[in-house]
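Structure at a glance
Each chain, written out:
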Amino acid sequence: MKPPEADPSFNSPSMIGQEKLDLMNEVELDVVDLKELILSNNSFGPNDVVEIRQMIAENYGHFAELRDAVSEMEHDENITPAGKTKMGVCQFLLGRFSESLETLQAADGSATALFYAARSMFELKRYDDAIQTYEQAQKAGYNEDQCKIFIAESNRYAGRIEKAMMLLDDIFGPAEQTAEYMYQRATTVAYMGGRREEAITLYQRAVQTDENHAGALFGLAWENDRMGNDEEAIKLYERAAKAFPTGVGALINLGLIYEDRNEFDKAQACYKRILDSHPEDPRTRLYVKDASANGNMLYDEEMQRRNDRLTQTLAMPVANFELSVRSRNCLSKMGIETVGDLTRTTESELLSSKNFGETSLIEIREMLTSKGLKLGQFAHEKKSADPPVDTSHLSPDEQAMLERPISDLNLSVRARKCMARLQLNTIGELLRKTGDELLECKNFGVTSLTEVREKLTDLGLKLRGD
């Protein structure tokens, strides 16, 4: 099996450890305006590239500033050759390798322009051209060891593994202690086969030297992924994904792990970050589409499962619960038979029932809470259980009387309070009740019932069932 870098697009542009150390002695990153840094007329070199990368790695929001700065440079008709070098390097950081190469080939011919032209050729899989251009950059004064390391990388991708190892073996001194060298050696060793433990050890040493080295983190993550160490793999992939530019491989592998965990929002975020730099990448677009579809499907299925569980709970008879005799009798008299009936009944409606007090109310509350429900939760869905009153035999004036408020009956205080507890507002609503249902209301007795019947009789009306 090939080591993790099976495709150059999986390989984020790398950083020599010493460059990062040099940068740390420069300026506080968080106080530098990225766009201002790029667009200024100051000299532009390797340390500036490191600073840009670190700023975006610490706050991905700076990516938009980099993109805006490049856009301004692209529209500058008076841009100098040195300015084109800066623009070309920034286009490279944005993942626009073809545009970067075109710009850098028309730039000032500096060591930096040549080095990043070689980096763009490498990303475009033009490995032999990249090797020649690295050699030109080296002659122009770019860091000799760094050029050698990337020449070895290009040979490895071109399939010349032994040549790559020979070149790495020929590098001595401080360069051997950089994270980049150890990472490139680890990947080359992994390609040679049978030296997996050595490769892992080198990846680990690279991360110890530079804890944010994207390539080494990705290599370790990939090895843990292969060994089934999912938790360790995802931690390493997440660390690698924070780097900038982030390797496409790290983001894709991390996205796939998130999909396996049904974390589709996180997966889409990984794929969309790739599209920031590679907007036309067909593989990534397919991943985004699949993650979105699976996420919606999962959401729909989960919602359906929740709805099914809720439906089953609401259909449970209240007789299945250990309620007191008083509570059970009260619920029975009110026609409440299921948990769903309780969720459509308010506390005030329960308390309006005769013999139903605070103790019973607390008991019902606790029972519903154990099921994640509460009284009155679905009261808005409640449908009137009372049958409609047949008004076909009534004259228009008599039908209009049904819309009159109950207050027009001039009932006693006790009877009026009962009407309020039952939420009866019109005479028509009162006529849908039976005498027994009114008697269930707290403090409503036979005397009050007789009073209501007499008032209705005076109007030529009567309660349901009378």
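Residues numbered from 1 in each chain as written. Predicted model: local features only at pLDDT ≥ 70, side-chain atom pairs only at ≥ 80, totals over all residues. Heavy atoms only, no water.

You'll find the protein entered in an unreviewed UniProt entry as Tetratricopeptide repeat protein, with Roseiconus lacunae given as the organism.

Scanning the protein for helices and strands turns up 26 helices and zero strands. Burial statistics for the protein: of 466 residues in total, 47% are counted as buried. For the protein, the accessible surface area stands at approximately 23700 Å², while carbon and sulfur atoms represent 47% of it. (Helix = DSSP H or I, 4+ residues; strand = E, 2+ residues; numbered from the N terminus. Buried < 20%, exposed > 50% of the residue type's maximum accessible area, 1.4 Å probe, protein only. Areas by Shrake-Rupley, 256 points an atom, 1.4 Å probe, with all protein chains shown as cover.)

Moving on to unusual backbone geometry. Glycine aside, residues mostly have negative phi angles, and peptide bonds mostly take the trans form. In this chain, Phe244 is followed by Pro245 through a cis amide linkage whose omega measures -10°. Position of Pro245 relative to the elements: it lies in the loop between helix H14 (230-241) and helix H15 (248-260). Of note, Asn262 is a non-glycine position whose phi angle comes to about 65°, a positive value. For Asn262, a relative accessible area of 43% corresponds to the partly exposed category. The backbone of Asn410 sits at a positive phi, close to 55°, despite the residue not being glycine. Within the secondary structure layout, Asn410 lies in the loop between helix H22 (396-401) and helix H23 (413-421).

Let's shift gears to the confidence of the model for the protein. Of the residues in the protein, 80% reach a pLDDT of 70 or more, and the chain-wide mean stands at 79. Confidence, read as mean pLDDT per element, is least for helix H1 (residues 17-24) in the protein (41) and greatest for helix H8 (residues 127-139) (96). Overall, residues 6-31 carries pLDDT values under 50, and its contacts beyond four positions in sequence, including any with other chains, amount to 75 contacts. With pLDDT under 50 throughout, residues 294-303 is counted as low confidence; its partners more than four residues away or in other chains account for six contacts. (pLDDT = per-residue confidence, 0-100. Contact = heavy atoms within 4.5 Å.)

Okay, helix H26 (residues 446-458) next. The end-to-end C-alpha distance of H26, which contains 13 residues, comes to 18 Å, matching closely the 18 Å that a straight helix rising 1.5 Å per residue would cover. Looking one or two places after H26, you find Gly460, whose phi comes out positive at around 80°. (Expected span 1.5 Å × (residues − 1).)

Before going further, it helps to examine the pattern of salt bridges. Pairs may arise between side chains of opposite charge once their charged atoms sit close together. Summed over all chains, the structure comprises 13 salt bridges. Among the ionic pairs, Glu74 bridges to Arg96, the shortest N-O distance being 2.3 Å. Here Arg96 lies in the loop between helix H5 (81-93) and helix H6 (97-105) and Glu74 lies in helix H4 (residues 62-74), a separation of 22 residues in the sequence. Between Lys266 and Glu263 there is a salt bridge; the shortest N-O distance is 3.1 Å. The partly exposed category is assigned to Lys266, whose relative accessible area is 43%. (Salt bridge = Lys/Arg side-chain N within 4 Å of Asp/Glu carboxyl O.)

The next subject is H15. Compared with an ideal rise of 1.5 Å per residue, which puts 13 residues at 18 Å, H15 spans 18 Å between its outermost C-alpha atoms and is within 8% of the ideal. Burial of H15 is extensive: eleven of the 13 residues sit out of reach of the surface. Just downstream of H15 lies Asn262, where phi reads positive at about 65°.

So, about the side chain of Thr178. Here Thr178 lies in the loop between helix H10 (161-169) and helix H11 (179-192). A relative accessible area of 10% means that Thr178 is categorised as buried.

On to the nonpolar core. In terms of nonpolar packing, the biggest core is built from 44 residues, with Ile52 and Leu66 touching the most fellow members. Elements represented by at least two residues in this core include exactly helix H2 (34-39), helix H3 (46-58), H4, H5, H6, helix H7 (111-123), H8 and helix H9 (144-157). Broken down by element, this core gets its largest block of residues, nine residues, from H7. When near neighbours in sequence (up to four residues on either side) are disregarded, Leu66 contacts Leu34, Ile38, Ile52, Ile56, Cys90, Leu93, Leu94 and Phe244. Membership of the second largest hydrophobic core comes to 42 residues, among which are Val189, Ala221, Ile234 and Val248. (Core = buried A, V, L, I, M, F, W, Y, C linked by side-chain atoms within 4.5 Å.)

This part is about the packing of aromatic side chains. Under the counting rule described, the total for this entry stands at 14 aromatic pairs. Both rings, one in Phe92 and one in Tyr116, keep their centres 5.5 Å apart while their planes meet at 65°; by these two values the pair is edge-to-face. Note that Phe92 is positioned in helix H5 and Tyr116 in helix H7, a separation of 24 residues in sequence. Pair check on accessibility: Phe92 and Tyr116 agree, each one buried. Pairing Tyr134 with Phe150 gives two aromatic rings, centres 6.0 Å apart and planes at 20°, and the pair type is stacked. Note that Tyr134 is positioned in helix H8 and Phe150 in helix H9, a separation of 16 residues in sequence. For the pair Tyr134 and Phe150, one class covers both residues: buried. (Phe/Tyr/Trp six-rings, centres within 6.5 Å; stacked < 30°, edge-to-face > 60°.)

What follows covers the packing of H10 against H11. In a packed pair of helices, the relevant descriptors are the angle between the two axes and the axis-to-axis distance. Between H10 and H11, the least distance of the axes is 10 Å, while the angle of their chain directions is 150°. Once H10 is placed against H11, the crossing between them reads as left-handed. Along its contact with H10, which presents Ile161, Glu162, Ala164, Met165, Leu168 and Asp169, the element H11 presents Tyr181, Gln184, Arg185, Thr188, Val189, Tyr191 and Met192. Partitioned by chemical class, the residues of the contact of H10 with H11 number eight nonpolar, two polar and three charged. (Axes fitted to C-alpha atoms, helices over the stretch in contact; angles between N-to-C directions. Left-handed = near helix turned anticlockwise from the far one by under 90°. Nonpolar A, V, L, I, M, F, W, Y, C, P; charged D, E, K, R; others polar.)

Okay, the packing of helix H12 (residues 196-209) against helix H13 (residues 214-226) next. In the contact formed by H12 and H13, the axes pass within 8 Å of each other and the chain directions differ by 140°. Taken as axis vectors, H12 and H13 run oblique relative to one another. Considering how the two elements wind past one another, H12 and H13 form a crossing that is left-handed. Each of Arg196, Ile200, Tyr203, Gln204, Ala206 and Val207 in H12 lies in contact with H13, whose residues at this interface are Ala216, Leu217, Gly219, Leu220, Glu223 and Arg226. A class-by-class count of the residues in the contact of H12 with H13 yields seven nonpolar, two polar and three charged. (Parallel < 35°, antiparallel > 145°, perpendicular 65-115°, else oblique.)

This part covers the environment of Val446. Tracing the backbone through its elements, the reader meets Val446 in helix H26. Residue Val446 is classed as exposed on the basis of its relative accessible area, which comes to 58%.

By secondary structure assignment, the location of Ala137 is in helix H8. Residue Ala137 is classed as buried on the basis of its relative accessible area, which comes to 0%. For the pair formed by Ala137 and Ala111, sequence separation is 26 residues and the distance between their alpha carbons is 4.8 Å. With residues near it in sequence (within four places) discarded, Ala137 still touches Ala111, Leu114, Phe115, Tyr142 and Cys147.

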